[in-house]
Amino acid sequence: MPRAPAPDAVALLDDPQEWSAFGRPCGASTDGATQPDVQWESHVVLDGMHCAACALTIEDALRQVPGVSEVDVSAATHRARVVWSPGRVLPSQWMAAVRKAGYHAVPAMDAFAREQRQRENRRALWRWLVAGFCMMQVMMYAWPAYQAMPGDLTAEMEQLLRWASWVISLPVVLFACGPFFANAWRDICQRRVSMDLPVALGMLITFVVSMVGTFDPAGPFGREVYYDSLTMFVFFLLTGRWLELRLRDRTAGALEAVMNRLPDSVERRGADGDFVRVATRRLQVGDVVRVLPGEAFPADGHILAGSTQADEALLTGESRPVDKPAGSRVTAGSHNLRSAVVVSVDALGTDTRFGQIVALMENASLQKPRLAQLADRVARPFLVGVLLAAFAAAVWWWPADPSHALMVAVAVLVVTCPCALSLATPVAMLTAAGTLARSGVLVRNLQSLEALATVDTVVFDKTGTLTQDRLTVSDTLVAPGAGLTAAQALALAAMLARHSLHPASRALVAAAEQMGEQKLCWSVGAVHELPGAGLEAQARGNGQETLCLRLGSAVHAKVAQSNQQQVVLSAERAGHVVEELARFALCESLRPEAIVVVRQLRGAGIDVQLLSGDRSEAVQDAAVRAGIGVALGDCTPQDKLQRLQVLQAEGRRVAMVGDGLNDGPVLALAHASFAFGRAVPLTQSRSDIVVLGDNLNLVGQTLLLARRTLHIVRQNLWWAAAYNAVGVPLAIAGYMPAWLAGLGMAFSSLLVVLNAARLARAPGGDAAIVSPVPHPAHSPLEVA
């Protein structure tokens with residue numbers, strides 16, 4: 001039986017200061033989170049569960065606890081989300097309900113959870129080794145009976161081999177089969193059915209029949225013993241579960257690996273100036289901590305002393321190390337790469353961007369896609385049907401041979417275990433979500449991966465999505481007689497623009513820096529910003545004449561691209577004569593990868609459109625440069641909704657790519673939606689998928705992975721259905737021995753997990769986008 005946390009350790013979790021280590025308050029600030037009327041959302045890791053029926057059992061047990069309002073349990077990740085009221089129940093109480101149901105819960109982001117996972121792996125390995133060693137010994141004793149001709153073996157020798165096999169089988173039954181029997185006894189006590197009950201029943205029947213045949217060779221069960229079948233199918237089952245456990249850590253466990261990036265402890269400066277290591281959950285805003293090289297920053301803050309580089313790939317999508325000199329800000333969850341730094345804590349928990357990311361990922365990991373919900377609903381009735389089918393098979397075969405009848409029942413019990421069916425969808429979905437998370441893409445809604453795989457139309461917003469969120473200088477026109485080159489005019493304009501934070505000013509400064517240093521016979525005095533009119537400064541020109549330079553928006557278009565924003569540099573001479581020196585055309589620059597992404601999408605048969613609230617001329621210009629055929633500008637939010645409804649009425653499957661806030665209604669209406677989340681509060685984003693960085697390639701790569709995911713889910717479901725369709729009749733007909741049934745059960749579950757593990761390999765940036773997955777009225781997913 002899995003070892004439970006010590007009672008004192010569980011009671012310690014009732015301390016309100018510990019709650020933030022594995023949860024967050026719902027809709028309240030941390031300061032008021034301990035009030036009785038504020039609900040908490042906690043996440044725990046579960047031990048002892050193996051299937052969808054186990055998940056339903058834990059959900060039922062927790063929902064019966066007064067004060068627990070919401071429960072979600074994932075059979076694939078072995079995690080649970082519990083929403084509870086501190087005024088009515090405490091963590092130790094609802095964890096006791098889990099323990100009473102026969103399972104154990106530990107805080108999801110606690111070091112104890114990682115230690116427990118390591119112990120679980122070691123126990124599984126030892127059981128597998130014992131079963132394997134005993135299986136080989138029993139097979140050695142069974143081999144003479146299979147190969148001997150009549151008269152080759154004396155009755156005494158055959159009986160001696162049976163006794164030796166019985167002795168060697170005892171460690172398998174008492175130790176290696178321990179979890180199966182413990183879980184089955186728990187099910188019987190709780191008056192429920194899980195996948196371990198028919199398996200344990202099959203093991204027990206096989207051992208008892210063989211033991212009776214050993215002790216009473218002349219009795220009804222003495223003709224044959226089945227120790228070799230018992231040890232073989234136990235070995236095969238444990239092999240499958242151990243490999244499944246390891247693969248789950250590498251696939252669906254990838255989400256947990258990303259979420260557990262914060263250190264368990266950190267060095268905090270005390271009142272005496274010395275640094276003492278304390279638990280991260282004990283930190284408060286204003287504390288000063290020292291973060292060593294290789295450690296993750298425990299909170300948002302700013303560097304007081306030292307300089308380093310940080311890895312912020314998960315948080316911002318920036319793959320390269322970021323320099324962090326003294327005074328710069330650091331974010332929770334990023335890694336310190338170079339040297340120790342002293343940091344002042346500014347924000348903790350859900351107030352940090354890392355906290356928001358963890359909240360999204362935890363909710364995603366506990367979601368149940370439509371197909372997984374269907375598997376959960378049929379799990380218990382299916383298991384009851386398995387027991388009835390095994391009983392019917394035993395009754396049918398009993399008149400011919402009672403011993404054979406019981407072994408047929410065992411084969412039916414083992415071969416029909418629906419592990420593969422319950423794992424087919426969630427393991428694949430969670431593996432894909434973990435792969436995307438490592439690439440900087442957060443899946444808020446697992447069901448959106450299925451919808452995304454059927455998309456045939458992608459609609460982009462323009463500003464900040466298809467284009468970069470900054471202006472660039474696209475054209476410069478110097479007035480005749482100004483005595484300036486284009487580069488000099490740009491440099492002169494930048495001398496004024498450096499005193500403003502306006503996007504147009506930043507664009508002029510950036511363009512001037514790219515042109516390099518220019519020789520100018522101009523001197524500029526104090527620069528003043530005129531609200532709504534631009535910039536103004538006194539300057540001396542070539543003739544040492546005092547001028548008033550102005551930099552502001554153009555009123556009339558005189559440059560080649562009249563649909564673009566223009567800025568005019570002018571000079572006012574004595575006598576109020578205004579002379580235009582130069583005009584600069586500004587435009588939004590496309591993201592460098594936009595043209596390639598649009599070309600890939602169109603090459604895959606996906607229609608690409610552009611909807612924007614910007615001016616129609618600017619939208620059409622961006623569409624032409626990106627290679628988009630259909631583009632509409634001057635769109636209000638209602639116009640975008642109507643356009644999306646028209647597309648959907650035509651039977652299109654539409655994905656929307658927007659900024660996450662301004663496009664909220666249209667993102668919610670689309671079949672699947674993306675938002676670029678660098679500048680968006682993640683808790684307010686209304687999209688299904690959030691791209692943390694600025695790389696538009698991730699949209700195409702996510703679409704590719706979604707199609708691969710749906711393809712693998714369908715493969716898993718068809719395999720699980722075909723396996724049961726073939727295995728059950730063979731078992732009932734008596735053509736499948738128990739050891740082969742155990743091998744088939746283990747192999748089917750293992751194949752499902754191995755197939756899903758293919759999704760752990762992220763698609764490359766240049767990977768081709770496969771053809772859209774058809775979305776018929778009756779999908780093969782539902783047929784399976």
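Residues numbered from 1 in each chain as written. Predicted model: local features only at pLDDT ≥ 70, side-chain atom pairs only at ≥ 80, totals over all residues. Heavy atoms only, no water.

Thoughts on the overall build of the protein
Then, number 1: Scanning the protein from N- to C-terminus turns up 26 helices and 27 strands.
Then, number 2: Per-residue burial over the protein gives 54% buried out of 784 residues.
Then, number 3: Sequence-distant contacts in the protein: of pairs separated by 6 or more residues, those separated by 24 or more amount to 68%. (Helix = DSSP H or I, 4+ residues; strand = E, 2+ residues; numbered from the N terminus. Buried < 20%, exposed > 50% of the residue type's maximum accessible area, 1.4 Å probe, protein only. Contact = heavy atoms within 4.5 Å.)

Observations regarding the packing of aromatic side chains
Then, number 1: Per the counting criterion, the structure on display carries 7 aromatic pairs.
Then, number 2: A centroid spacing of 6.3 Å and a plane angle of 50° characterise the contact between W84 and W94, whose relative ring orientation is tilted. Separated by 10 residues along the polypeptide, W84 in strand 4 (residues 79-84) and W94 in helix 4 (residues 91-100) bring together distant segments of the chain. W94 matches W84 in its accessibility class, with the two residues each being buried.
Then, number 3: Taking 5.6 Å as the distance between ring centres and 90° as the angle between the ring planes, the aromatic pair formed by W166 and F215 counts as edge-to-face. Of this pair, W166 sits in helix 6 (residues 155-176) while F215 sits in helix 8 (residues 196-215), placing them 49 residues apart in sequence.
Then, number 4: What makes W166 buried here is its relative accessible area of 17%. (Phe/Tyr/Trp six-rings, centres within 6.5 Å; stacked < 30°, edge-to-face > 60°.)

Some points on the sheet that holds strand 13 (residues 335-336)
Pairing between the strands of a sheet comes from backbone hydrogen bonds, and it takes one of two forms, parallel or antiparallel.
Then, number 1: As summarised here, the arrangement of the 3 strands in space is 11-10-13, forming an open sheet in which the pairing is antiparallel. For this open sheet the edge positions go to strand 11 (322-324) and strand 13, each flanked by a neighbour on one side alone.
Then, number 2: In the sheet, strand 10 (residues 308-311) pairs with strand 11 via 3 bridges, with the strands oriented antiparallel. Considered in strand 11, the bridge of Q309 is made with D323. (Pairing = 2+ DSSP bridges.)

Thoughts on the nonpolar core
Then, number 1: Formed by 54 residues in total, the largest nonpolar core has its most connected members in L452, F460, L466 and L610.
Then, number 2: Setting aside residues up to four positions removed in sequence, L610 forms contacts with F460, D461, K462, L466, V619, A622, A623, I628, V630, A631 and L632. (Core = buried A, V, L, I, M, F, W, Y, C linked by side-chain atoms within 4.5 Å.)

So, the packing of helix 14 (residues 402-415) against helix 25 (residues 738-757)
Then, number 1: It is at 8 Å that the axes of helix 14 and helix 25 come closest, and there the two elements cross at 0°. By the angle class used here, helix 14 and helix 25 are roughly parallel. Facing M407, V410, A411, V414 and V415 of helix 14, the residues of helix 25 in contact are A738, A741, G742 and M745.
Then, number 2: Looking at side-chain class alone, the contact of helix 14 with helix 25 contains 8 nonpolar, 1 polar and no charged residues. (Axes fitted to C-alpha atoms, helices over the stretch in contact; angles between N-to-C directions. Parallel < 35°, antiparallel > 145°, perpendicular 65-115°, else oblique. Nonpolar A, V, L, I, M, F, W, Y, C, P; charged D, E, K, R; others polar.)

Digging into the environment of D456
Then, number 1: Its place among the elements puts D456 in the loop between helix 16 (447-452) and strand 16 (457-460).
Then, number 2: For D456 and G605, which are 149 residues apart along the polypeptide, the C-alpha to C-alpha distance reads 7.2 Å.
Then, number 3: Sequence-distant contacts of D456, defined by excluding residues within four places in its chain, comprise G605, I606, D607, G651, R652 and R653.
Then, number 4: Of note is the side chain of D456, whose polar atom sits 3.2 Å from the side chain of T457.
Then, number 5: Within the local environment of D456, its side chain forms a polar contact with the backbone nitrogen of R653, the two atoms lying 2.9 Å apart. (Polar contact = N/O pair within 3.5 Å; in protein donor to acceptor, adjacent residues only side chain to side chain.)

With respect to the pattern of salt bridges
Then, number 1: Evaluated as defined, the whole model comprises 15 salt bridges.
Then, number 2: The partner of R81 in a salt bridge is E41, and the shortest N-O contact between them spans 3.4 Å. With R81 in strand 4 and E41 in strand 2 (residues 40-47), this pair connects stretches of sequence that are 40 residues apart.
Then, number 3: On the basis of relative accessibility, which here comes to 9%, the residue E41 falls in the buried class.
Then, number 4: Where R625 meets D621, a salt bridge forms, and the shortest distance between an N and an O atom there is 3.1 Å. You can see R625 and its partner D621 sitting in helix 21 (residues 616-626), 4 residues apart, about one turn around the helix.
Then, number 5: Each of E41, E70, D72 and R81 takes part in one network of salt bridges that share partners. (Salt bridge = Lys/Arg side-chain N within 4 Å of Asp/Glu carboxyl O.)

Focus: the environment of E529
Then, number 1: For E529, the position within the fold is in strand 18 (residues 523-530).
Then, number 2: Separated by 22 residues in sequence, E529 and L551 place their C-alpha atoms 9.5 Å apart.
Then, number 3: Not counting residues up to four positions away in its chain, the partners in contact with E529 are H499, S500, G534 and L535.

Structural notes on a nonpolar patch on the surface
Then, number 1: On the surface, a nonpolar cluster with roughly 390 Å² of combined accessible area is contributed by L125, W126, L129 and F175.
Then, number 2: With 3 residues, the top contributor of residues to the nonpolar patch is helix 5 (residues 111-147). (Patch = residues over 30% accessible without salt bridge, like charges linked within 9 Å, V, L, I, M, F, W, Y side chains within 5 Å. Areas by Shrake-Rupley, 256 points an atom, 1.4 Å probe, with all protein chains shown as cover.)

Structural notes on the sheet that holds strand 23 (residues 607-611)
Then, number 1: The 7 strands are arranged 15-27-26-25-16-23-24 in an open sheet whose pairing can be described as mixed. In this open sheet, the two edge strands, each paired with only one partner strand, are strand 15 (441-443) and strand 24 (630-632). Taken pair by pair, the neighbouring strands of this sheet meet at an average axis angle of 20°, ignoring direction.
Then, number 2: Bridge count for strand 16 against strand 25 (residues 654-658) is 4 bridges, and the pairing is parallel.

Remarks on the pairing of strand 14 (residues 341-347)
Then, number 1: With 6 of 7 residues buried, strand 14 is to be regarded as a mostly interior element.
Then, number 2: Where strand 8 (residues 288-291) and strand 14 come together, 4 bridges link them in antiparallel fashion. Within strand 14, the position partnered with R290 by the bridge is V342.
Then, number 3: Relative to strand 14, strand 9 (residues 300-305) runs antiparallel, the two being bridged by 5 bridges. By the bridge assignment, G301 is partnered in strand 14 with V345.

As for the packing of helix 6 against helix 8
Then, number 1: At a minimum axis distance of 10 Å, the contact between helix 6 and helix 8 shows a crossing angle of 150°. With respect to helix 8, the element helix 6 is oriented roughly antiparallel. Seen from above, helix 6 lies across helix 8 with left-handed handedness. Between helix 6 and helix 8, the contacting residues are Q159, R162, W163, W166, S169, L170 and V173 on the first element and F207, M211, G213, T214 and F215 on the second.
Then, number 2: Across the contact of helix 6 with helix 8, the residue classes tally to 7 nonpolar, 4 polar and 1 charged. (Left-handed = near helix turned anticlockwise from the far one by under 90°.)

Considering helix 7 (residues 178-190)
Then, number 1: The first and last C-alpha atoms of helix 7 sit 18 Å apart over 13 residues, in line with the 18 Å expected at 1.5 Å per residue.
Then, number 2: Along helix 7, the residues that are buried comprise P179, F180, N183, A184, R186 and D187. For helix 7, the buried positions fall inside an angular range of 155° around the axis, keeping them on one side.
Then, number 3: One or two positions beyond helix 7, positive phi appears at R191, with a value near 60°. (Expected span 1.5 Å × (residues − 1). Arc of directions from axis to C-beta.)

Description of the side chain of S165
Then, number 1: Looking at the element boundaries, S165 is found in helix 6.
Then, number 2: The exposure class assigned to S165 is buried, which follows from its relative accessible area of 6%.
Then, number 3: Beyond its immediate stretch of four places on either side in the chain, S165 contacts V138, Y141 and Y227.

Remarks on the environment of C635
Then, number 1: Within the fold, C635 resides in the loop between strand 24 and helix 22 (637-649).
Then, number 2: Expressed as a C-alpha distance, the spacing of C635 and R615, which sit 20 residues apart in the sequence, is 8.7 Å.
Then, number 3: Non-local contacts of C635, meaning those with residues more than four positions away in its chain, are made with L611, S612, G613 and K640.

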